[in-house]
Amino acid sequence: MINQFFFQSLFGRTIIGYLLIFAVPALLPFLFVKLIGFKGLRHLFSYEPKQSIIHKLDPRIKVIYPVLMGILTVFLNWDFVYILVAFTIIPWILLRPSRDRLRVIVTMAGIPVIGAIWSQALFHTEGNSTVHLLFVFPPTLTWMGTPGLSSTGLLYGLQQAGRTLAAVLAALILLFTTTPSEVVWAFYKFRLPAPAGLAFSTALRFLPQMIERMTILLQVVQVRGFDLTIPRWWEWRKWPGYLGRVFACIPVITIPLLIGSLRTTSVLAMVVDARAFGANTKRNTLREHQITVADRIAMASLIFLTIIVAILVITHIGNRII
Amino acid sequence: MPDLHIDKVSFTYADSQEPVLRSIDVVISEGEFVLFTGPSGCGKTTLALALAGIIPSRVGGHMQGSVYLGTNNVSTMHIHEISQKIGIVFQNPDNQLAQLSVEEEVAFGPENLALPREEIVERVQQSLRYTGMEQFRFEQIYALSGGQKQRLAISATLAMRPSVLVLDEPTSDLDPVGTQEVLNVLRMLNKQYGMTIVLVEHKVDELISWVDRVVMMDKGRIVLDHSPRKAFNDIQLWNNLGVSVPQIVMLARSLPDVFQDSTPITIDEAFEALRGTRYAKALQLNSQSLNARDDLSRSPILCWESVDLAYGPKQVLYDVNLNIMPEEWVAIIGSNGSGKTSLASLAMGFQAPTRGMIRYKDRVIKAGNISLQAAEMAYLFQAADNMLFGATVEKEFMFGIRKGRKGQVDANIAQKIDRLMKTVDLVSYRNTNPFHLSHGQRKRLAISVLLTRNPQILILDEPTTGQDEGHSRAFLQFLQFLRESAKYSYVMISHHMQSVAQYASRIVVLHNGRVFMDGAPENIFARRNELAQCGILPPSIAQLHARLCEDKAVRVALSVQSFLHYLHSAEVTS
């Protein structure tokens, strides 16, 4: 009976269709807030001090690593991309991040993956004749411009997600294990502009402060009477008003947030100038990174991986079919 | 080390017509410790920026005259060259630290100078030693206290090896413990290492005994330049400019038979002069009764009942039981990290306690329902500028009304807004952008917009931070006036003990997350040794009173007037 209603009747199929379209995208922000929350935002991209092998690696390797992984994933086809993803998990095993950070990593890597897979499942219509639909949308959903949820789309989404996953996992290694001065040093050694390195690392250094400021501003607007109390799920009449207030709140807090950040930046700029940053073309460092066995192994692994990928691509074994 | 000569310096900011500095001409000798003070807007911060060469090289405007260090014209040098001769430390330590670890922060300057590694190491060690920060060398900056962060900022400046250190209100964001840490470092740098210190500060009372010279500015000019003892020859000048005169100096002027023409500037000096006199005996006679507590039969307006709060494994509050009575002005004091702001944030519903509950009258406060709570309780944040969002003063009043909960708005809100504007003296600024108002006006606007929602109780988080004495006093008097006219209750978090002594009707001392003391200010400030454990220094006059009574006084004077009253009432009694 239920089966017949949901899968045979137009009304039932429309309900299922709407759920498929909106439930997953709606779940993603919910998952983000549940897993990370506002307080977790301040740890999103910040350095986590630890005495791990990964922390001690040459900062230059950690700067190269996400760039290289990003490039390699572009050339490989999807099953080999997942081998690359497996490779990016190795540093995390060696790092053993704290539970809080693990939650951030899973969220930051997982949410784009789910989003990519689902959007492709709904909208990947390439080679329409071969598309296998797991659920065919009823005529009431033709406005969506997609025939339904396809298994081909799911598979394609999974392939695309592998690329995102490898790049995100590699980039987070750099962010979580490298201090601003190491980033500046690496940029200097690569003959890249040191100010770019400082800007990059300072932005990350001040991100927690900015999130702290945003938390206070959100408290301020509520103290001023702006109602941001989240309605219960069954209080459906209150939800449109709540969402409207949330959107109205964004410009309200953005301006003081920007002004506060610019004030901080202007003081920091004066301090950095006074510390002679950029005054000399040469620079020295308190600690010169000594190449260790771990660095050699890491570098060799990256070179080996690049050669393997090159062979796979040249021999058309693992290259991406465009 | 050469002298520092500010040679007829005038400066006008690019977006202004009025000069901020008007032909300032001062010579600061090597090894001097000079205090620059004056009311807000007098130009002292601009002068600090000019001394450090940030004006004119980094701040737009028109400058006349020059700053010389010996024969070097600082105003024409590159900023990285100046910083190796004159270092500057700013107000907020968090805004001036660019690295993550202590060692990296201090090494940053020498690294940029491309010095040999051995010298970088030597400079890091020496700078950290000068500020007593060696034991934190390998720590992460986020784990440091406010005072330690400011000492680190000083270390990083010292690593550039300047001979002059300029500090722009380096203690205004710090608690009393942090303030003392920083001031001790400055004194040591000056006395032990002979460094020239130019300090821009409002806290004259705490600094006067440490400095060699006091320079007071007003409207871009120097109006006073004397040694500390001679600086108070014309007290009227200080009062006119709204800069507070140290209590000990005021006392000396009120008791000429004891102090004659001398000007004591420390508690020790005043104590020595008064010890054994009839005044000391009169104080001992008249300082033994406890102040009467409020009528406890009344129902409290706000209660914390067996409240614990923890952030993960870190416990912040332990079993707090506290009642706030109607119309009380309760000051919550304690060092940073003692749990003051956490305690207040629970009352506003910013977060939930891990145990216990908070009640407003008979209602349990639910965390997250902040706007509901705001109808009955207002929270004035430390940075009042963060509380203003409107394009005009009038729109600022309408902000919460338009966006707030239905049913919480008065029918005659327009009249109410008019009345509030009159109360805060902003009627003529109705269509002005809030950020074009003065700092004091913005503060008054921030509090008055909260009053549109009829709160009964106001939580004031450091209401006078960053303001000079004159503005602080004016704002606190305004709060007093509001309280008396509308019968509000206040819960005030403050590090400024003189304000607490003058305005609070009750003090709650928090220490390591527990209520350590609770009572009338006269009684709490009499227990200076216990307060010292919490890093709190009572006002100078209260300390002097307690010492003259050999720490046996049950209550002490909180102002010079009340100190004199104690003396005279004892004389009448005898």
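Residues numbered from 1 in each chain as written. Chains lettered and ligands numbered in written order. Predicted model: local features only at pLDDT ≥ 70, side-chain atom pairs only at ≥ 80, totals over all residues.

1. So, the overall build of chain A
Moving on, step 1. Secondary structure summary: chain A contains 12 helices and two strands in total.
Moving on, step 2. Secondary structure elements of chain A occur, N-terminal to C-terminal, as α-α-α-α-α-α-α-β-β-α-α-α-α-α.
Moving on, step 3. Overall size of chain A, expressed as C-alpha extent along the three principal axes, is 75 × 65 × 30 Å.
Moving on, step 4. Counting the 322 residues in chain A, one finds 30% classified as buried. (Helix = DSSP H or I, 4+ residues; strand = E, 2+ residues; numbered from the N terminus. Buried ≥ 20, exposed ≤ 12 C-beta atoms within 10 Å, placed from the backbone.)

2. Points about the interface of chain B and chain A
Moving on, step 1. Chain B puts 54 residues into the contact, and the matching count from chain A is 43 residues.
Moving on, step 2. Looking at the side of chain B that touches chain A residue by residue, the class counts come to 29 nonpolar, 16 polar and nine charged. (Contact = placed C-beta atoms within 7 Å. Nonpolar A, V, L, I, M, F, W, Y, C, P; charged D, E, K, R; others polar.)

3. Side note on the sheet that holds strand β3 (residues 33–37) of chain B
All names here are of chain B.
Moving on, step 1. Here six strands make up an open sheet; going across it, the order is β6-β7-β8-β3-β9-β10 and the pairing mixed. The outermost strands of the open sheet, each flanked by one partner alone, are β6 (86–89) and β10 (221–226). Looking at each pair of strands side by side, their axes are set apart by 20 degrees on average, direction ignored. (Pairing = 2+ DSSP bridges. Axes fitted to C-alpha atoms, helices over the stretch in contact; angles between N-to-C directions.)

4. Brief notes about the pairing of strand β12 (residues 314–324) of chain B
Moving on, step 1. Bridge analysis of strand β11 (residues 302–311) of chain B against β12(B) gives seven bridges, and the strand direction is antiparallel. Note on β12(B): the bridge partner recorded for B:Y311 is B:K314.

5. Quick word on the environment of A:F22
Moving on, step 1. Summarising the element assignment, A:F22 is placed in helix α2 (residues 10–35).
Moving on, step 2. Distance from A:F22 to A:E182, taken between C-alpha atoms, is 44 Å for residues 160 residues apart in sequence.

6. Some remarks on the nonpolar core
Moving on, step 1. In this structure, B:V166, B:L199, B:A378, B:L380 and B:I459 are the most contacted members of the largest nonpolar core, which totals 234 residues.
Moving on, step 2. When residues in this core are grouped by element, the largest group, 12 residues, is from helix α8 (residues 151–177) of chain A.
Moving on, step 3. Excluding residues within four positions of it along the chain, B:I459 makes contact with B:A344, B:A347, B:M348, B:M377, B:A378, B:Y379, B:L380 and B:V491. (Core = buried A, V, L, I, M, F, W, Y, C linked by C-beta atoms within 7 Å.)

7. What to know about the packing of helix α4 (residues 102–112) of chain B against helix α6 (residues 146–158) of chain B
All names here are of chain B.
Moving on, step 1. The contact between α4 and α6 brings their axes to 7 Å, and the two run at 30 degrees. Taken together, the axis directions place α4 and α6 in an arrangement best described as roughly parallel. You can see that α4 and α6 cross each other, and the crossing is right-handed. Between α4 and α6, the contacting residues are V102, E105, V106, F108 and G109 on the first element and L152, S155 and A156 on the second. (Parallel < 35°, antiparallel > 145°, perpendicular 65-115°, else oblique. Left-handed = near helix turned anticlockwise from the far one by under 90°.)

8. Focus: helix α9 (residues 180–189) of chain A
Moving on, step 1. Judged by how many residues are buried, α9(A) sits mostly within the fold: eight of 10 residues are covered.
Moving on, step 2. Buried within α9(A) are the following residues: A:P180, A:S181, A:E182, A:V183, A:V184, A:W185, A:A186 and A:F187.
Moving on, step 3. Of the surrounding elements, those touching the buried residues of α9(A) are α5 (59–75) and α10 (194–223) of chain A together with α4 of chain B.
Moving on, step 4. Where α9(A) terminates, the next one or two residues include A:R191, which has phi positive at roughly 60 degrees.

9. Let's talk about unusual backbone geometry
Residues and elements named next belong to chain B.
Moving on, step 1. In this chain, I55 is followed by P56 through a cis amide linkage whose omega measures 10 degrees.
Moving on, step 2. Along the polypeptide, P56 turns up in helix α2 (residues 54–57).
Moving on, step 3. A positive phi angle is found at K487, which is not glycine, with a value near 60 degrees.
Moving on, step 4. Summarising the element assignment, K487 is placed in the loop between α19 (469–486) and β18 (489–493).
Moving on, step 5. One non-glycine residue, N512, lies in positive phi territory at about 50 degrees.
Moving on, step 6. Tracing the backbone through its elements, the reader meets N512 in the loop between β19 (506–511) and β20 (514–519).

10. Considerations on the packing of helix α10 (residues 247–254) of chain B against helix α23 (residues 540–548) of chain B
Residue and element names in this part refer to chain B.
Moving on, step 1. At a minimum axis separation of 8 Å, α10 and α23 run at an interaxial angle of 65 degrees. From α10, Q247, I248 and L251 reach across to α23, where they touch S540, I541 and L544.
Moving on, step 2. Split by residue class, the contact of α10 with α23 holds four nonpolar, two polar and no charged.

11. A few points about the environment of B:D218
Moving on, step 1. By the element assignment, B:D218 lies in strand β9 (residues 213–218).
Moving on, step 2. C-alpha of B:D218 to C-alpha of B:G41: the two residues are 177 residues apart in sequence and 8.0 Å apart in space.

Structural measurements only, silent on function.
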